[in-house]
Amino acid sequence: MDAILTEELTKHYTIGFWRPRPYVALEALSLHVRQGEVFGFLGPNGAGKTTTLKLLMQLTFPTSGRAEILGRPVGDVSVKRRIGYLPENPYFYDYLTAEELLQYLAGLFGYSAAECRRRVTSLLDDVGIGAERRLQLRKFSKGMLQRVGIAQAIINDPEVVFFDEPMSGLDPLGRREIRELILRLRDRGCTVFFSSHVLSDAEALCSRVAILVGGRLAAEGELSEMLAFQARAWEVVVAGLEDTVLESVVASGEVVRVTPLGARRYALELPLSVAPDRVVADLAARGAQLVSINPVRETLEDFFMRQIGAAPRDRGLEPLAR
Amino acid sequence: MSARVVALLVVLMGGVVGLQALHERGGGPPASTTASMLYVRSPEVVKRLALSYKSLLADVYWIRAVQHYGTTKLSTDPDKEYDLLYPLLDLTTSLDPRFNVAYSFGSIFLAEPPPGGPGRADLAIALLEKGLRAQPQRWELAQSIGFVHYWWRQDYDQAAAWFARAAAFPGAPDWMGPLAATTLAQGGNRESSRQLWQQVARDAEDEWYRNEAGRRLLQLDAMDQRDVLQEAVSAFQQRVGRLPSGWDDLRGAGYLQGTPVDPAGAPYRLDSGIVGLDSASPLGPLPRGLAPLR
Amino acid sequence: MRLIGHVAVNVFKESVRDKVLYNLVAFAVLLIAVSYLLGQLTAGQDIKIIKDLGLAAIASFGRLIAVFIGIGLVWKEVERRSIYSLLSKPIRRHEFVLGKYAGLALTLFVNVVVMTAAFYAVLAYLNTQFPEAVRASWPAPATDPSMLRAIVLIFMELLLVTAVALFFSTFSSPFLSAALTCGLWVIGHFNSDLQSFETVVDSPAAAYLARALYYVLPNFAAFDIKTQVVYALPVPGSYMVATSAYALAYIALLLTTATVIFSKRDFK
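Residues numbered from 1 in each chain as written. Chains lettered and ligands numbered in written order. Predicted model: local features only at pLDDT ≥ 70, side-chain atom pairs only at ≥ 80, totals over all residues.

A. Fine view of the overall build of chain C. Within chain C, the secondary structure is distributed over 14 helices and zero strands. Each helix and strand of chain C, placed in order from N terminus to C terminus, yields the pattern α-α-α-α-α-α-α-α-α-α-α-α-α-α. Each principal axis of the C-alpha distribution contributes one length, and for chain C these read about 70 × 55 × 30 Å. Counting all 268 residues of chain C, 41% fall into the buried class. Put simply, 82% of the contacts in chain C that link residues at least 6 apart link residues at least 24 apart. (Helix = DSSP H or I, 4+ residues; strand = E, 2+ residues; numbered from the N terminus. Buried ≥ 20, exposed ≤ 12 C-beta atoms within 10 Å, placed from the backbone. Contact = placed C-beta atoms within 7 Å.)

B. Region of interest: the packing of helix H6 (residues 93–127) of chain C against helix H8 (residues 147–169) of chain C. Residues and elements named next belong to chain C. At a minimum axis distance of 10 Å, the contact between H6 and H8 shows a crossing angle of 150°. When the interaxial angle is binned, H6 and H8 end up roughly antiparallel. The handedness of the crossing between H6 and H8 comes out as right-handed. Between H6 and H8, the residues in contact are Lys100, Tyr101, Leu104, Ala105, Leu108, Val112 and Thr116 and Ile151, Phe155, Leu158, Leu159, Thr162, Ala163 and Leu166, respectively. (Axes fitted to C-alpha atoms, helices over the stretch in contact; angles between N-to-C directions. Parallel < 35°, antiparallel > 145°, perpendicular 65-115°, else oblique. Left-handed = near helix turned anticlockwise from the far one by under 90°.)

C. Structural view of the domain arrangement of chain B. Residues and elements named next belong to chain B. Each assigned domain of chain B is listed with its residue range as follows: domain 1 (43–181) and domain 2 (189–294). Counting from both sides, the interface comprises eight residues of domain 1 and, opposite them, eight residues of domain 2. At three residues, helix H5 (residues 100–109) tops the list of elements feeding residues into the side of domain 1 that touches domain 2. Partitioned by chemical class, the residues of the side of domain 1 that touches domain 2 number six nonpolar, two polar and no charged. (Domains from an automatic or database assignment. Nonpolar A, V, L, I, M, F, W, Y, C, P; charged D, E, K, R; others polar.)

D. Structural detail: the sheet that holds strand E12 (residues 257–262) of chain A. Residues and elements named next belong to chain A. Ordered in space as E12-E13-E11-E14, the four strands form an open sheet in which the pairing is antiparallel. Both edges of this open sheet fall to E12 and strand E14 (289–296), since each of them pairs with a single strand only. Averaged over all adjacent pairs, the angle separating strand axes in this sheet is 20°, with direction ignored. Of the pairings in the sheet, the one linking strand E11 (residues 233–239) to strand E13 (residues 265–271) comprises six bridges and is antiparallel in character. In the sheet register, Ala233 faces E13, and the bridge partner there is Pro271. (Pairing = 2+ DSSP bridges.)

E. Local environment of the interface of chain C and chain A. Each partner contributes to the interface: chain C provides 19 residues, whereas chain A provides 21 residues. The set of elements that each furnish at least two residues to the side of chain C that touches chain A consists of helix H1 (2–17) and helix H5 (82–87) of chain C. A per-element tally of the side of chain C that touches chain A places H1 of chain C first, with five residues. Tallied by class, residues from the side of chain C that touches chain A come to six nonpolar, five polar and eight charged.

F. Broad picture of the pairing of strand E10 (residues 216–222) of chain A. Residues and elements named next belong to chain A. Relative to E10, strand E9 (residues 208–213) is paired through six bridges, and the arrangement is antiparallel. Following the sheet pairing, Ile211 is matched in E10 by Ala219. Once E9 ends, the chain turns through two residues before running back antiparallel as E10, passing Gly214 with a positive phi of about 55°.

G. Representation of the confidence of the model for chain B. Across chain B, pLDDT averages 83, with 94% of residues at or above 70. Put simply, helix H2 (residues 43–50) of chain B is where chain B has its lowest mean pLDDT, 76, and helix H6 (residues 121–134) of chain B is where it has its highest, 92. (pLDDT = per-residue confidence, 0-100.)

H. Spatial organisation of unusual backbone geometry. In this structure, Asp157 of chain A is a non-glycine residue whose phi angle is positive, near 50°. Mapped onto the elements, Asp157 of chain A comes out in the loop between helix H5 (142–153) and strand E7 (160–164). Located in the positive-phi region is Ser272 of chain B, a residue other than glycine, with phi close to 50°. Its place among the elements puts Ser272 of chain B in the loop between strand E1 (269–271) and strand E2 (274–276). The class of Ser272 of chain B is exposed, set by 6 C-beta atoms lying within 10 Å.

As structure tokens, then:
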């Protein structure tokens, strides 16, 4: 059974009061997410990522198509016991404290009072909220609210979690912590479905990704496969390279690009056709030291930009800025 | 929307309508005879409280005055108290001194004796005098004061004085002066009364006022008719030597044909030689003291 | 059921933290101040005026709370998007709507109870300020328990006003909801005039429409028995039952419709 399944999921809106025009938020999205994987749902702003998540949470109703979570249709209340959701830019009740909010939401699952307290305490520790937990939420910074949001999403030990921009508002330390939390969730067997436009996070965490552009699925698959054939060059980093040696190397035409890294240290980019070990041996003979050899892969960002450029833009209207 | 939800909505709607019908059949909220309570009677206070809504509030008080009069008159309570009528009219005219219909209403219905009104001619005059202070050039108010003295208090000297004053106002009709003179000379008489009521029947803007004038005119006609019948009774008595016991006697003696009815259609009665209106006649009681013009 | 209560308690907590219950302080101050002033100025009719004022204040404060919190009950959660995380939990949309209603009803209940207690306390104190002869002339004792009937019907009216406000809150913005709720209250108060409309109006279509509206629009005037209890006039128990049943039926109708509307909503 797939954790998440959508079939031709479509959402059309009409915009405008006097002359209503159709707006395609999502068109015929079909994808499936297997249990236990970390799935990245990527796309530029306005691509329809949040719409998809809202359809999965049944906050909106599809124009056509269907979706399932853990084998049941979306909106099924029994399934909601087993999932968690972090909305984008979450807002909670600012007159409650962090503790009270989590206890309120935990109470919806029917846990006993003691069980609620236990979960709330350990969760707040997990997401890194210490003494602030007794402060009213109206006093929280964006980063702290984000942490509270993540806490409320996993309060019921869900089997599938849906994160909409989980890293938004977090400082680098926070991002690292949440990355580690996501990995811990994966290790526990939880399926993580998160949407983001921060590609480095996806690269670090996901096994599979889908790229959404203009409401349509532009690409989907294993990350490694998508990027596998895209190694395009070798990068050789050498130290102690004399200027004369450098000039001759450049003159030979074998080096595509030279990046000085300071103090006679250089990163040389060689095309795939040139065997890097031969060049290294040659440089070593002339007094340079090898620091590293790495294949230069296309990054997810490069891949991403190509997908965006290629995808058609006709959805009835230019995507609205949110 | 599922069929069950639709059914539920229909049932609830039916319940709501049914209970409302039940409420209406029960006569609404339990009767509160003293539901009439004016918290603030002082015109000064009300004027201050009204802020910029004086006209609107005057309308509200006017509506309440009319409602109060109407419900009190129609109620089956044996002793009807129109105790809020003057205060409400007073408040109406304090908030809006030009609310002329309130003055007219008060001049008639405050003075009307029970059961049709509180019988307070003095309050009617007080109201009208207040109106005159606010609108010193309005001849109708002066005439109304004279009218109250004339019709309800039978104080013909005062009436004549007020009619004379009214005649002196700008825009007063031509017959006001002669009316004053006649009243002064002859006291209460039917011709002058007729004249006054005919003017109201012609010129008044409100239907109730015109209707009232029409009724008064019929009363005057009834008084004339009664006099004629009374003469026939006296003639009968002189000729036959006793009082007629009923209309049959008069018919038999040739003074009458058929049964006399008053202008409203109710038959006249003859009791111990006195001609009078039937107790069910809408024209009763007839005003007193108005003799025909000599 | 449990979830409805859970949401309700949260609504109550919100109104407490929003300092709504401070209106109780205002009420108490008003009542005490006026009774003191009256004591200084007059002697005699004051107990009636205090009773009238107290009952009217309980009704008025309650209506203000019912409207101004009611119109935001659903709207605020949708507007601020706190509803997103809430609806992802195992709670059904109708449980949410009913929970919100129950929470405001609870707030109003606490409000009315406290105000009633303060009201009777003031009346009990005033009772000691008048001589026996004057007290004997009153139509009803100062701490007359039958005033509770009026307060019960006031509470039913507040529940109905809340249902109206909540209904509008499921689909319209606060300003519009407030206007519509207040408008409906004013019209419902003059409902009986709709009934006598047909005697005044010529067109039979208009008369028919007025009559239909009379049955359909909420009849708020039926809940006002303040004058009756102050003058110790009888209010039959059957009237209390019938009017309360009317309120409950209408509330059920409004809540069902509100739930249907809310269940179909797309949250943008």
